Amino acid sequence: MRKLTSILTIICLVATLITAVVPAAAEGQDLAEDALKLWYRFTSYTQTDEGKIVRNRVKPGLSDGIIMGNADIVDMSEEYEAPNLGTTLWVPGNGGLKIKEGFQTAITGSWTVSVWFYLPDTPGEGARLFDFGSTTQRAYPTSENSDPPRNSIFFKLKPLQLSDRIYGSSNIFSLEGKGLSLLVYQHQMLTVTFDKATNTYAVYHNGNLITSGNTNGQMRSLSEVDFTKAFLGTNVWYDTSFATDNPDLVGGYYDFKIYATALNADQVEAIYDLGKEYGPEEQDRSEDARRALDELTIPSELAERYQFPTFVGSIEDPFPIVWLVDDEYKQYINFATGRIIEPKGEDVTFTLTAKIDTDQYDVRKEFTVTIKGNKENLPDDVLAYYDFSEAVDGYVLDKSRNNFNAQVFGDVEFKNGRAKLNGDGQYFVADKELLNNVESFSVYAKVYIPKNADNTGARIFDFGTHQRNSWFLKAGPVTAGSKFNFGDTYLVPSASNVNLKRGAINELVVTFEKIEEDKVLTSVYFDGVLIGQNTNIKKTPKESTETNFVNYIGRTQWLANDEYPGENPDIIAEYDEFVVYNRALTQDEVREMCNAANETYVKSIETTTDESGNPYVTVVVNVSAQDAGKTVKPFIAYYTAPTRDDTTRIVTSSTLLKIERGGYDVPLFEGENTFVLPYDATLASRAKKLFLWSDDKDLSSPVVSVIPF
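Reading the values: the criteria
Residues numbered from 1 in each chain as written. Predicted model: local features only at pLDDT ≥ 70, side-chain atom pairs only at ≥ 80, totals over all residues. Heavy atoms only, no water. Helix = DSSP H or I, 4+ residues; strand = E, 2+ residues; numbered from the N terminus. Buried < 20%, exposed > 50% of the residue type's maximum accessible area, 1.4 Å probe, protein only. Contact = heavy atoms within 4.5 Å. Areas by Shrake-Rupley, 256 points an atom, 1.4 Å probe, with all protein chains shown as cover. Salt bridge = Lys/Arg side-chain N within 4 Å of Asp/Glu carboxyl O. Arc of directions from axis to C-beta. Polar contact = N/O pair within 3.5 Å; in protein donor to acceptor, adjacent residues only side chain to side chain. Pairing = 2+ DSSP bridges. Phe/Tyr/Trp six-rings, centres within 6.5 Å; stacked < 30°, edge-to-face > 60°. pLDDT = per-residue confidence, 0-100.

1. Some words on the overall build of the protein
Consideration 1: Scanning the protein from terminus to terminus reveals six helices and 47 strands.
Consideration 2: By the burial criterion, 52% of the 709 residues in the protein qualify as buried.
Consideration 3: Contacts in the protein between residues far apart in sequence, at least 24 positions, make up 64% of those at least 6 positions apart.
Consideration 4: Taken as a whole, the protein presents about 31,600 Å² of accessible surface, with 45% of it coming from carbon and sulfur.

2. Here we look at the pattern of salt bridges
Consideration 1: Per the stated rule, a full pass over the model turns up 28 salt bridges.
Consideration 2: Across the salt bridge formed by Glu-224 and Lys-196, the nearest N and O atoms sit 3.4 Å from each other. With a gap of 28 residues between them, Glu-224 in the loop between β15 (208–214) and β16 (229–232) and Lys-196 in the loop between β13 (187–195) and β14 (200–205) connect regions that are remote in the sequence.
Consideration 3: For Glu-224, a relative accessible area of 42% gives the class partly exposed.
Consideration 4: Accessibility expressed as a relative area gives 36% for Lys-196, which makes it partly exposed.
Consideration 5: Among the salt bridges present, the one from Glu-517 reaches Lys-539, with a minimum N-O distance of 4.0 Å. Note that Glu-517 is positioned in the loop between β35 (504–516) and β36 (519–526) and Lys-539 in the loop between β37 (529–534) and β38 (550–553), a separation of 22 residues in sequence.
Consideration 6: When its relative accessible area of 54% is taken as the criterion, Glu-517 is described as exposed.

3. A word on helix α3 (residues 265–275)
Residues lying three or four places apart along an α-helix face the same way, a consequence of the helix completing one turn every 3.6 residues.
Consideration 1: Gln-267, Val-268, Ile-271, Tyr-272, Leu-274 and Gly-275 are the residues of α3 that are buried. Projection of α3 onto a plane perpendicular to its axis shows the buried side chains occupying an angular sector of 165 degrees, all on one side.
Consideration 2: One side-chain oxygen at the N-terminal end of α3 lies 3.1 Å from the backbone nitrogen of Asp-266; it belongs to Asn-264.

4. What to know about the environment of Leu-293
Consideration 1: Among the structural elements, Leu-293 can be located in helix α4 (residues 286–294).
Consideration 2: Classification of Leu-293 as buried rests on a relative accessible area of 1%.
Consideration 3: In this structure the C-alpha to C-alpha distance between Leu-293 and Arg-364, which are 71 residues apart in sequence, comes to 7.6 Å.
Consideration 4: With sequence-adjacent residues up to four places away left out, Leu-293 is seen in contact with Val-312, Ala-354, Ile-356, Val-363, Arg-364 and Lys-365.

5. Considerations on the environment of Ser-114
Consideration 1: With respect to the element layout, Ser-114 can be found in strand β8 (residues 111–118).
Consideration 2: Placed 157 residues apart in sequence, Ser-114 and Ile-271 show a C-alpha to C-alpha distance of 9.0 Å.
Consideration 3: A distance of 3.1 Å separates polar atoms of two side chains, one belonging to Ser-114 and the other to Thr-191.

6. A look at the sheet that holds strand β21 (residues 322–325)
Consideration 1: The four strands are arranged β18-β23-β22-β21 in an open sheet whose pairing can be described as mixed. In this open sheet, the two edge strands, each paired with only one partner strand, are β18 (301–302) and β21.
Consideration 2: In this sheet, strand β23 (residues 362–371) lies alongside β18 in parallel orientation, the contact comprising two bridges. Directly across from Glu-301, in β23, lies its bridge partner Thr-370.

7. Some remarks on the packing of aromatic side chains
Consideration 1: This structure, assessed with the given rule, holds 30 aromatic pairs.
Consideration 2: A centroid spacing of 5.4 Å and a plane angle of 10 degrees characterise the contact between Trp-116 and Tyr-272, whose relative ring orientation is stacked. Of this pair, Trp-116 sits in strand β8 while Tyr-272 sits in helix α3, placing them 156 residues apart in sequence. As far as burial versus exposure is concerned, Trp-116 and Tyr-272 are alike and both buried.
Consideration 3: Ring geometry for Tyr-575 and Phe-578: centres 6.4 Å apart, planes at 50 degrees, overall tilted.

8. Observations regarding the sheet that holds strand β33 (residues 479–483)
Consideration 1: Taking strand neighbours across the sheet as the criterion, the eight strands line up as β25-β26-β29-β38-β31-β32-β33-β34 in an open arrangement whose pairing is antiparallel. Of all the strands in the sheet, just β25 (395–396) and β34 (489–493) have a single pairing partner and so form its edges.
Consideration 2: Direction of pairing for strand β31 (residues 459–465) relative to β38: antiparallel, over a ladder of four bridges. Bridging from a neighbouring strand, Gly-464 pairs with Val-550 of β38.

9. Points about the confidence of the model for the protein
Regions with low pLDDT carry predicted coordinates that are not meant to be interpreted in detail.
Consideration 1: Within the protein, residue pLDDT values average 76, and 70% of them lie at 70 or more.
Consideration 2: In the predicted structure, residues 1–29 sits below a pLDDT of 50 and forms 70 contacts with residues beyond four places in sequence or in another chain.
Consideration 3: Low pLDDT, under 50, characterises residues 79–84; the stretch is placed with 16 contacts to residues that sit more than four places away or in other chains.

10. Details of unusual backbone geometry
Consideration 1: Omega for the bond connecting Lys-158 with Pro-159 falls within 30 degrees of zero, at -5 degrees, which places this linkage in the cis form.
Consideration 2: Topologically, Pro-159 is positioned in the loop between β10 (150–157) and β11 (160–166).
Consideration 3: A positive phi angle is found at Asp-393, which is not glycine, with a value near 55 degrees.
Consideration 4: Since its relative accessible area comes to 76%, Asp-393 is described here as exposed.
Consideration 5: Phi is positive for Asn-455, close to 65 degrees, though the residue is something other than glycine.
Consideration 6: Structurally, the position occupied by Asn-455 is in the loop between β30 (441–449) and β31.

11. Some points on the side chain of Asp-64
Consideration 1: Position of Asp-64 relative to the elements: it lies in the loop between β3 (51–54) and β4 (65–69).
Consideration 2: Given a relative accessible area of 0%, Asp-64 falls into the buried group.
Consideration 3: Polar contacts involving the side chain of Asp-64 include one to the main-chain amide nitrogen of Asn-56, which spans 2.9 Å.
Consideration 4: Residues within four places of Asp-64 in sequence aside, it is in contact with Tyr-40, Ile-53, Val-54, Arg-55, Asn-56, Lys-98, Ile-99 and Lys-100.

12. Quick notes on the pairing of strand β29 (residues 427–430)
Consideration 1: Alternating residues of β29 divide into Tyr-427 and Val-429 and Phe-428 and Ala-430, and every residue in both groups is buried.
Consideration 2: Bridging between strand β26 (residues 406–409) and β29 involves four bridges; their strand directions are antiparallel. From the neighbouring strand, Phe-409 faces β29, where its bridge partner is Tyr-427.
Consideration 3: As paired elements, β29 and β38 share three bridges and run antiparallel to each other. Paired with Ala-430 across the strands is Asn-551, a residue of β38.

So, in C-alpha cells, the structure goes:
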C-alpha cells in the first residue's frame, strides 16, 4: 500500500482558511480502510458560524468536530518550542473537541478507536482521552428483562480505565497493573477494540497488546449509546455541575480514527507503523541523553514522599525517564506517587536505576539509596496511627511510618496531646492511598466530647470519594455506614441509638470484615462493648471504582461538597488517638484495647436442650469488679418481625444474678458466670436478642450489652 506523506510541517492556517480534504478510503491509508468511519487529522480547521470545524476526512460534513473552550490547532514547534512535534489539536486543560452526531449509527457491531496523542506531563486525576455518550438521567427499567439505561463509553488516563457507563455506576475494565505506561513528552498511539461477536475487548499501546478480556456482556456497540455528546480531551460532564470532578486533559491530538470493526493485532501494528510518520523523526541522541542523565541527582536517604523526576534535560528538549528497582525492593517504593514504605526494623539499602530507553539507545544511571527502618515497634497490621500531639508543616504525621499523613484544615488547636475541632471547618484529610486495595479493615478512635456538643449527624470519619463511595462512622447516634457507586446507603445502627458521652472520653471501634461475596460483617463497639452488628454493607474499598479517596477525619463527604450542611455538620470533639488497621479486629482484641476487661458484658449465649428435651438458654457473663454488689438482670427479648430491630419487643423471661462481695472487697462472682434462662419455643422463629441491664435501669434505658442469637 502507498503510505501517506508527512504533513507535520504544515503550519496552522489563519482562522478563515478552509482546508480541502480527501476521503480516506480513496487514499488506501491502512489495512481496514473499508471499515473506517471517522478520521481526523489535526493540521487545520475550517471557520464556520458554528466555530472552528475539524473535518471528518472519511465523509466531510458527517460527524465533523467542533473545537471548544481554549483548545486550538497549533504548531507545537512555534507555540511550545518543541521541534519536530508538528501540528496538533492542543487541549490546555479547558476545552477539547466535540464530535457532531452521525457516524455512530453505522457502527452496530464491533468497533475500534485509535488515537495518536502527546502528554506534556503525567495526566491529572479523571482526565479522559475520549468520552462518547450523554448525561441523560434515564430511569432504571422496571422489568428484569429490559436493558438498563447506559449513557457513555470512555477511556480515562488516570486511573487507567476503559468503561461502559450505566447511569449510577460504571462497568470498569481497569488497566492498572496491566503494564501500560503512558509516555510523557512523547508521541504515542493508543488503540481500543471491542469485538461484539466474542464479547471481548483489547487495548494496544504503540502497536503492542497490553491487555484483553471478556466484558461479560457489559460493553456495547457505539450505535447503542445514548449519543448526544462525544468529546476528545474532555467528557460528557463538560457543561454540567460535575465538570469540576472530571477535569479536562492537558495534551495534544495528532490523529483520531474510529472503525466499524475490531482490528486484529496485525492491523493495529500496521496502522502504528504507518502513523509513526505523523510524529517526530527518530534520531540517535544517545550522547545528549547520557549528558542529561549525568546531571541527575537524587537524595541518598529517602523518607516521607519523594517526587521522582520523570525526565532529564530541558522542558523544550526532554528525555523521559523510567525508574527501575529489583523485585525484592518494590515493596518499599511507589515511583508513580513517590510514597516511601519504611521497612519494619532495620534500614534497607538498595540500588535504583534511571533509564532512558528508545529504539536507538539505552542509557542508564544507578543510585544507591537508603530507607530508614521503622523501629517504633507498631504491629504490622497498623495502616496508620495518629496521636494528634502536633502538626508538622500542616500535617498530622502517621506514626506508623507508613507515610499516610493527614493534612490539617482550619485553625486546629493542638494542646495536651489532643487536636481540638470546633465544628466549623476544622478537620483532617488522611492520605488518599490509605484504603487502596483494602478489603477488611478496622478503625479505632479515642475522642473527648465537650459537654455542650450535640454532634447529631456529625461523622468521626468518612473515607471515600464525594457521595459516590464511602465508609463512615457517625458520632450521634453512633452508626456505621457505606455508600457504593452512587447506590443506596447501608447502615449499621447501634442498639438503643447510642450517643457519645459528653464531657468524657469515648473509645469507638468499627470493623469491616469481608466474609463472602457481597457480604461485609460490620461491628460497632463503644468503650469496648459491641453495640451494633449486621451484614447490610455489601462492598469493600478494594471493589470501589474510585481509588483516589478523600479520607475525612471529623468531616462528612456531604458537607465537603456543600450539600446538606445542616444535616451533616463538622464534628465538635478533641481527637486523642486514631488508628486504622488492615484487618478486622476480634471482639476480645477490642475489649482489651478499650480496657473493657473492667466491664460487665455478655460473652456468649447458646440455645440447647436438657436430658428431657426441654429447651433452655445458657448465658456466660463476664462480671467486673466495679459491678460488685449490684444485681444484673438479663432478658431475652423477642421481636414482632424477624429482621427489624425497631419493632415491638416482647420480653418473655428474666432472671436476677446477684453479685456477692467477698473479703477485701473482692466479688465472689467476678470473672465468668454461667446461668440459665427459660426458652420460649412458641416464639422460636422470631428474631431474638439477649439484653443485660443493671438493676437500676428499666427496659427503656441503654443496655449494658446486646448479643443476637
